[in-house]
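Architecture and fold: a report
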Amino acid sequence: MVALPSQLRVFVRDWLSGNNILLRGEHANVLIDTGYAKHVPLTLALVASRAGLDGGLLSLVVNTHCHSDHMGGNAALQRAYGCRIAVPAGEAVLVDAWDTHALLIDEAGQRAERFAVDERLQAGTTADWGGLAWQLLAAPGHDMGALVFYEPHHRILVSGDALWQDGFGFVMPREMDPAALPATRATLDMIAALDVAVVVPGHGEPFADCAGALERAYRRLSTLEADSQRGARHAAKVLLMFNLLDRERIAVATLPSHVARTRLLREFDERYFHFGPDAYAAWLVEGLCASGAAAVVDDHLVPRPRPA
Ligand SMILES: [Zn+2]
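Everything numeric here is computed off the predicted structure, so don't read it as measured data.

What counts and how
- Residues numbered from 1 in each chain as written.
- Predicted model: local features only at pLDDT ≥ 70, side-chain atom pairs only at ≥ 80, totals over all residues.
- Heavy atoms only, no water.
- Salt bridge = Lys/Arg side-chain N within 4 Å of Asp/Glu carboxyl O.
- Helix = DSSP H or I, 4+ residues; strand = E, 2+ residues; numbered from the N terminus.
- Buried < 20%, exposed > 50% of the residue type's maximum accessible area, 1.4 Å probe, protein only.
- Expected span 1.5 Å × (residues − 1).
- Polar contact = N/O pair within 3.5 Å; in protein donor to acceptor, adjacent residues only side chain to side chain.
- Donors = N, O, S within 2.8 Å, 3.2 Å for Na, K, Ca; no water.
- Tetrahedral: all angles 85-135°; square planar, octahedral: opposite > 155°, others 65-115°.
- Pairing = 2+ DSSP bridges.
- Axes fitted to C-alpha atoms, helices over the stretch in contact; angles between N-to-C directions.
- Contact = heavy atoms within 4.5 Å.

Details of the pattern of salt bridges
By the definition in use, this model includes twelve salt bridges. Between Arg84 and Glu119 there is a salt bridge, with the nearest N and O atoms lying 2.8 Å from each other. Linking Arg84 in strand E5 (residues 84-88) with Glu119 in strand E6 (residues 119-121), this pair joins segments that are 35 residues apart in sequence. Taking the shortest distance from any N to any O, the salt bridge between Arg263 and Glu267 comes out at 3.7 Å. Here Glu267 and Arg263 lie together in helix H9 (residues 263-273), a separation of four residues that amounts to about one turn. On the accessibility criterion, Glu267 (17% relative accessible area) is buried. Beyond isolated ion pairs, a larger network of salt bridges with shared partners links Glu107, Arg263, Glu267 and Arg271.

A look at helix H7 (residues 228-247)
Along an α-helix, a turn takes 3.6 residues, which lines up residues three or four apart on a common side. Counted at 1.5 Å a residue, the expected span for H7 with its 20 residues is 28 Å, and the 29 Å between its end C-alpha atoms agrees. Of the residues making up H7, those classed as buried are Ser228, Gly231, Ala232, Ala235, Ala236, Leu239, Leu240, Met241, Phe242, Asn243, Leu244 and Asp246. Where H7 begins, the side chain of Asp227 points an oxygen toward the backbone nitrogen of Gln229, at a separation of 3.2 Å. A positive backbone phi angle near 75° is found at Glu248, which sits one or two residues after H7.

Describing the coordination of the zinc ion
Those donors, His65 (NE2), His67 (ND1), His142 (NE2) and Asp161 (OD), are the protein atoms that reach the zinc ion, and they lie 2.1 to 2.4 Å from it. Relative to the metal, the four donor atoms surrounding the zinc ion lie at angles of 83 to 176°, and the coordination shape comes out irregular. We note that the donor set of the zinc ion lies within a single chain, spaced as H-x1-H-x74-H-x18-D. Residue class for His65 comes out buried when judged on its relative accessible area of 2%. Overall, the relative accessible area of 9% leaves His67 in the buried class.

Notes on the sheet that holds strand E4 (residues 60-62)
Spatial ordering of the open sheet is given by E1-E2-E3-E4-E5-E6, a layout of six strands whose pairing is mixed. Looking at the sheet topology across the chains shown, the edges are occupied by strand E1 (8-11) and E6. Neighbouring strand axes in the sheet, compared pairwise and without regard to direction, differ in orientation by 20° on average. Alignment of strand E3 (residues 29-32) against E4, held across three bridges, turns out to be parallel.

A few points about the pairing of strand E14 (residues 300-303)
In terms of strand pairing, strand E12 (residues 250-251) meets E14 through two bridges, oriented antiparallel. When the sheet's bridge partners are listed, Ile250 is paired in E14 with Leu301. Here four bridges tie strand E13 (residues 294-297) to E14, and the two strands are oriented antiparallel to one another. Bridge pairing in E14 places Val296 opposite Leu301. What sits between the antiparallel neighbours E13 and E14 is a turn of two residues, in which Asp298 has the positive phi angle 50°.

Things to note about the sheet that holds E12
Across the sheet, three strands lie side by side as E12-E14-E13; this open sheet has antiparallel pairing. Only two strands of the sheet have a single neighbouring strand rather than two, namely E12 and E13. Set on the sheet, H7 makes contact with E12, E13 and E14; between it and E14 the angle comes to about 90°. Against the sheet, helix H10 (residues 277-290) makes contact with E13 and E14, and its axis sits at roughly 115° relative to E13, the strand it touches most.

So, the pairing of strand E2 (residues 20-24)
Of all five residues in E2, four are buried, a share of seventy percent or more. Strand direction decides the pairing type here: E1 and E2, joined by four bridges, are antiparallel. In the sheet register, Arg9 faces E2, and the bridge partner there is Leu22. Pairing analysis gives four bridges linking E2 to E3, with the strands arranged antiparallel. Across the sheet, residue Ile21 finds its bridge partner in E3, namely Ile32.

Remarks on the environment of Tyr218
With respect to the element layout, Tyr218 can be found in helix H6 (residues 210-226). Sequence spacing of Tyr218 and Val302 is 84 residues, and the spatial spacing of their C-alpha atoms is 32 Å. If near-sequence neighbours (up to four positions away) are discounted, Tyr218 is found in contact with Arg185, Leu188, Asp189 and Ala192.

Written out as structure tokens, the structure is:
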């Protein structure tokens, strides 16, 4: 267990919903990231709970980046609390236009409720959330507009999907976005230069060993830089797994049409694999089952609970 200041509460979620981080202030409470649309009832309950707002109000929702598993509860929280919503400036343009292509929503077979941006967060500025002074730092790579939040007094890094205990959020292969892998490296270098005691990631438990996580992240990055195919294979499985967690089960017979219909999945096949829908679907099923992430039960692909 890592030690965090008492006004910082972390609700560790899962792979479909990013973690929720509540900062309780004397004058205002701030929530970083709001999970996925499907989990809105649980997000609202956690935020309102005794460990959360405990009867208090919410002034502001902030997003590390605007992927559907981090901003899916924004609209519902705004309805519940009348709070403002602040997103990284680089994402605000996409949210304002509700560019579901660039936001990777229907593009990836995902869902999110539209919301309006009230504030744009600029890298290089500081924000007072929960009585702590957070530095807003650009963290492009997994998402080119992402920010991470660093609090130098307690040496806390809220890293979103830029750094997890084991890896980081999937990064587009260079043929699809030539800037993504170099940006990922620059972001890891930026984090490596910070003095970090605790990382609060977008997925998984908070952890203390930032150096170890960086070492694993650099290793992973090197393999992605060396082999676009490998990055594409990983990203395709991650995307289908996300769809599966969202839908809970998908009939195996419908998977070829799912991979053909889901633009990003289709694009990976067209660029890198050249399977065609039937073989592509079969390869994905085999890969997810072999890794233990999913199983086929009664002709349906279902997620398998991760071992504790
Ligand atoms: Zn993400």
